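# Structure assessment
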Amino acid sequence: MSRDEREAQEIFAEKYGVGRGEVNLRIERQVMGGDWGANGYTTMAQADELAAHLDLHPGVRLLDLGAGRGWPGLYFAASSGCEAILADLPMEGLRLAVQRAAAEGLSDRVHVVVSSASHLPLRAGGVDAVVAADVLC
Ligand SMILES: C[S@@+](CC[C@H](N)C(=O)[O-])C[C@H]1O[C@@H](n2cnc3c(N)ncnc32)[C@H](O)[C@@H]1O
């Protein structure tokens, strides 16, 4: 792992490891339009626009790079019926995404991978669409 990747892992592991109370959820709902665990600036309306551009539907395999707690890939799996692979460095956020996927009945279509975007354990052509929301890597 590069120094930048290690730093990102540490910073975000700490952030995702802290529980989110009802106040945080209410703020997210009000500002972003939903409560899928967003940790950036991509709103629900922008995510819907992205999904339309990506033409997501059942059978499409989407890769969400730097998915954090699962936003927006998890939401896309729920709203479009696509399959989603959520990739990020810290396990803490992906753990929450796995829990949310189970709660939403999405476990069979949502997969997580703890990996840097620069060393993904995926073969070329293994996904149909890619999204990276508020990720610089
Ligand atoms: C601002 S957060 C956005 C998270 C999520 N997409 C969202 O909008 O809520 C940036 C995320 O990018 C991840 N990240 C940074 N560098 C990365 C890299 N090289 N590979 C994979 N993920 C990376 C961080 O761990 C963090 O979860």
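## Section: unusual backbone geometry
- In this structure, the amide linkage connecting Trp71 to the following residue, Pro72, adopts the cis form with an omega of 5°.
- As for its placement among the helices and strands, Pro72 is situated in the loop between strand S1 (61-65) and helix H4 (73-80).
- One non-glycine residue, Asp55, lies in positive phi territory at about 55°.
- Among the structural elements, Asp55 can be located in the loop between helix H3 (44-54) and S1.
- Phi is positive for Asp134, which is not a glycine, with a value near 55°.
- Within the element layout of this structure, Asp134 appears in the segment after strand S4 (129-131).
- By relative accessible area, which is 43% here, Asp134 ends up partly exposed.

## Notes on the site of the ligand
- In the vicinity of the ligand there are 21 residues, among which Tyr16, Asn39, Gly66, Asp88 and Ala117 approach most closely.
- Gly66 places a polar main-chain atom, nitrogen or oxygen, 2.8 Å from a nitrogen atom of the ligand.
- Contact distances for the ligand include 3.4 Å between a nitrogen atom and a side-chain N or O atom of Ser116.
- Expressed as a share of its isolated accessible area of 600 Å², the protein-covered part of the ligand is 93%.
- The greatest single-element share of the shell around the ligand, amounting to four residues, is contributed by helix H1 (residues 3-17).

## Let's talk about the nonpolar core
- Within the largest apolar cluster, 25 residues are counted, with the highest numbers of intra-cluster contacts made by Leu56 and Phe76.
- Those elements that place two or more of their residues in this core are H3, H4, strand S2 (83-88), helix H5 (91-103) and S4.
- In this structure, Leu56 is in contact with Ala51, Leu62, Phe76, Ser80, Cys82 and Ala129, ignoring residues within four places of it in sequence.
- By size, the runner-up hydrophobic cluster in this structure holds five residues, among which are Leu63, Leu65, Ile85 and Ala87.

Reading guide: rules and limits
Residues numbered from 1 in each chain as written. Predicted model: local features only at pLDDT ≥ 70, side-chain atom pairs only at ≥ 80, totals over all residues. Heavy atoms only, no water. Helix = DSSP H or I, 4+ residues; strand = E, 2+ residues; numbered from the N terminus. Buried < 20%, exposed > 50% of the residue type's maximum accessible area, 1.4 Å probe, protein only. Near = heavy atom within 4 Å. Polar contact = N/O pair within 3.5 Å; in protein donor to acceptor, adjacent residues only side chain to side chain. Areas by Shrake-Rupley, 256 points an atom, 1.4 Å probe, with all protein chains shown as cover. Core = buried A, V, L, I, M, F, W, Y, C linked by side-chain atoms within 4.5 Å. Contact = heavy atoms within 4.5 Å.

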